[in-house]
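Below are the chains, spelled out letter by letter.
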Amino acid sequence: MTGLQALHDAASFRDPAGHVYWDNGVCKRTVTSHGISDYRLLLSSGLYDDLVSAKLLIPHHEEPSSFPGIETILVPEHIPYISYPYEWSFSQLRDAALLTLEIQRRALEKGLSLKDASAFNVQFQGSQPVFIDTLSFEPNRGGPWVAYQQFCRHFLAPLLLMVHADPAFNRNLATNPDGFPLATASRLLPLRTYLQPGPLLHIHLHSRADAQPSANTARKAAPQTADRKAALTDSLRRAIQSVRLPNQSSVWSGYYAERTHYSEEAETFRQHFVTGVLRRVQPNLVFDLGANRGNYSKLTADLGFPCVAFEADPICADRHYLATREAASERVLSLCMDLRYPSPAIGFACRERDSLLGRPRAGLVLALALVHHLRISGQAPLVHIAGFLASLGDHLLLEFVPKSDPMVQTMLAHREDIFEDYTIEGLAAAMSSHWELLETQPVPSSHRTLHLYRRRR
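Below: a short report on this structure. Computed from a predicted structure; not experimentally measured. The written sequence of each chain sets the order in which its residues are numbered from 1. Totals for whole chains, interfaces and linings use all residues, but because this is a predicted model, local features are given only for residues with pLDDT of at least 70 and pairs of side-chain atoms are given and counted only at 80 or more. The side-chain values count all of the structure's non-hydrogen atoms but skip hydrogen atoms and water molecules.

## Some remarks on the overall build of the protein
- Looking only at helices and strands, the protein has 16 helices and 15 strands in total.
- This radius of gyration counts C-alpha atoms alone. The globule rule is 2.2 Å times how many residues there are, raised to the power 0.38. For a compact globule of 457 residues, the expected C-alpha radius of gyration is about 23 Å, and the protein comes in at 24 Å, within 12% of that figure.
- Summarising its shape, the C-alpha atoms of the protein cover approximately 75 × 60 × 40 Å along the three principal directions.
- Whether two residues are in contact is decided by their heavy atoms, any of which lying within 4.5 Å being enough. Of all intrachain contacts in the protein linking residues separated by at least 6 positions in sequence, the fraction that spans at least 24 positions is 70%.
- For the accessible areas, the method is Shrake-Rupley and the probe is 1.4 Å, while residue cover comes only from the protein chains on display. A total accessible area of about 20,800 Å² is found for the protein, and carbon and sulfur atoms account for 54% of it.
- In this tally, Lys and Arg are treated as positive and Asp and Glu as negative; His is ignored, and so are the chain termini. Charge positions come from single atoms, namely NZ of Lys, CZ of Arg, CG of Asp or CD of Glu. If the 45 positive side-chain charges of the protein are averaged to one point and the 46 negative ones to another, these points end up 4 Å apart. Comment: elements are numbered from the N terminus, with helices defined as DSSP H or I runs of at least four residues and strands as E runs of at least two.

Next up, the structure:
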């Protein structure tokens, strides 16, 4: 293994055109002899400048290469926090699909085409989706779009299933990282989708055509004349735009508007306390765990601190993303994740996609009204919860909701109370091995308390 190979990112091995590696904490990308001509065409065609100026493609600068077989090195703009399609809400995945199609449309106008259309080629900078695979472009040589099926597997199929089956269906992309099989999607979608042009053409008929290998072989062997990529791109765009999540509520979507367990006095106190902690800690990154529709994520961003908001409820997460998109927020990344089952490491050798714990830590973790869900619904002992939170950040602001609180009483109403450790004394004992307690404050007009911790080194 050469010195450069030893530095390769474990997720970067599939594309012979170039590989990602790390140089003293800086992410860089090689361009090999396999990819240099396509890369130079991207630059000379004006497409790179067009996409970067429109904020559709991540910008980069070049460095000379001293490595054999490496033509040049790209240093892309840093993305603070990497997320994955199975962690996005419906509207995030939809926006990523539309971004991919807009890039393909512009590429075709310049004589190029995308050679792949993986949802993993998109990242979010706050609420803004951006394409990160600079080496995904090739000359448009006519014929069918080689990434057509991949686009349908990664985008259209999961979006349709999020609408017709479960708004969190894209979580299945964690176990289907090459996209959701079209034949399976066709079987799962309701019969009425046969009457809709997009699903009929791009899912149902597409899956049947792919199931006929002899027809596929003949089609691939036939000479290609007319280039229908532009028409196909437009058809896919219309199909994606027609897919919309129904206006629906969930258990947690009305949490703030309908709350009866929290007075205005208590909420005002909590906001002031969180503001004071943020100013005191000055975190480089904040995690808002159980963010709901993002009230505290917005407070964090308004004070100038970048925030990743985690919410298990797909409806709440989607509404939060739409709010950040409307505000053009650059500081808040909204993700849909159930922290009882956080994202694992997946891919080849479990090293292609990082787990939640394999990504950057936060300077401050907000765990407001969260621990009772992890303990009672998730049945994780408090000592395990303390260790999990310690793996996420350096400071922790935790709200403890005791059994006397109406919310916990509701949770315990139809289950046996087997949670002996769930007391304020049990919390202190569980946290002590991982955290140093800095401050405790009772929340007025409630049974709750706020606890500020610093992780033990």
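## A look at the pairing of strand S4 (residues 70-76)
- A large share of S4 lies buried, amounting to five of its seven residues.
- Here, strands pair whenever DSSP counts at least two bridges between them. For strand S2 (residues 26-32) and S4, the ladder comprises four bridges, and the chain directions are antiparallel. Pairing of Val-31 across the sheet is with Thr-72, part of S4.
- Where strand S3 (residues 60-63) and S4 come together, four bridges link them in antiparallel fashion. Across the sheet, residue Glu-62 finds its bridge partner in S4, namely Leu-74.
- The turn joining S3 and S4, which pair antiparallel and follow one another in sequence, is formed by six residues; a positive phi near 80 degrees is taken by Gly-69. Working definition: with a 1.4 Å probe on protein chains only, accessible area under 20% of the residue-type maximum means buried, over 50% means exposed, and in between means partly exposed.

## Topic: the sheet that holds strand S1 (residues 20-23)
- Ordered by their spatial adjacency, four strands build an open sheet running S1-S2-S4-S3, and the pairing between neighbours is antiparallel. In the strand order of this sheet, the two ends are held by S1 and S3, each with one partner. On average, each strand axis in the sheet is inclined to that of its neighbour by 35 degrees, with strand direction left out of account.
- Contacts from helix H2 (residues 36-44) reach S2, S3 and S4, with the element oriented near 50 degrees to S4. Note on definitions: angles span 0 to 180 degrees between N-to-C directions of axes, and those axes are lines fitted to C-alpha atoms, for helices only across the stretch in contact.

## Digging into the side chain of Arg-359
- For Arg-359, the location among the structural elements is in the loop between strand S11 (332-336) and strand S12 (362-367).
- Of the polar contacts made by the side chain of Arg-359, one reaches the side chain of Glu-87; its length is 2.6 Å.
- Here a polar contact is taken to be a pair of N or O atoms separated by no more than 3.5 Å, where protein atoms must pair a possible hydrogen donor with a possible acceptor and residues adjacent in sequence count only if both atoms sit in side chains. Side-chain polar atoms of Arg-359 contact the backbone oxygen of Ser-355, separated by 3.1 Å.
- In this structure, Arg-359 is in contact with Tyr-81, Ile-82, Ser-83, Tyr-84, Glu-87, Met-337, Ser-343 and Asp-354, ignoring residues within four places of it in sequence.

## Re the packing of aromatic side chains
- Ring geometry is summarised as follows: Phe, Tyr and Trp rings, the Trp one being its six-membered ring, pair when their centres sit within 6.5 Å, and such pairs are stacked at plane angles under 30 degrees, edge-to-face over 60 and tilted between the two. Within this structure, the stated rule accounts for 15 aromatic pairs.
- Ring geometry for Tyr-81 against Phe-287: centres 5.8 Å apart, planes inclined by 80 degrees, an arrangement best described as edge-to-face. Placement of Tyr-81 in the loop between S4 and helix H4 (90-109) and of Phe-287 in strand S9 (residues 286-289) is noted, with a sequence separation of 206 residues between them.
- In this structure Tyr-81 comes out as buried when scored by relative accessible area, which is 4%.
- Judged by its relative accessible area of 1%, Phe-287 falls in the buried class.
- With centroids separated by 4.8 Å and ring planes inclined at 40 degrees, the aromatic side chains of Phe-400 and Tyr-422 adopt a geometry described as tilted. Note that Phe-400 is positioned in strand S13 (residues 393-400) and Tyr-422 in the loop between helix H15 (406-412) and helix H16 (424-431), a separation of 22 residues in sequence.
- By relative accessible area, which is 2% here, Phe-400 ends up buried.
- Every member of this aromatic cluster is reached through a ring pair, and the members are Tyr-81, Phe-287 and Phe-310.

## As for the pairing of strand S15 (residues 449-455)
- Of all seven residues making up S15, five are buried, and the element is well covered by its neighbours.
- Bridge count for S13 against S15 is six bridges, and the pairing is antiparallel. Among the inter-strand pairings, Leu-398 is bridged to a residue of S15, identified as His-451.
- Counting the residues that bridge the hairpin from strand S14 (residues 435-442) to S15 gives six residues, and of these Ser-445 lies at a positive phi of roughly 60 degrees.

## A closer look at the environment of His-395
- Summarising the element assignment, His-395 is placed in strand S13.
- Relative accessible area serves as the criterion here: at 18%, His-395 is assigned to the buried category.

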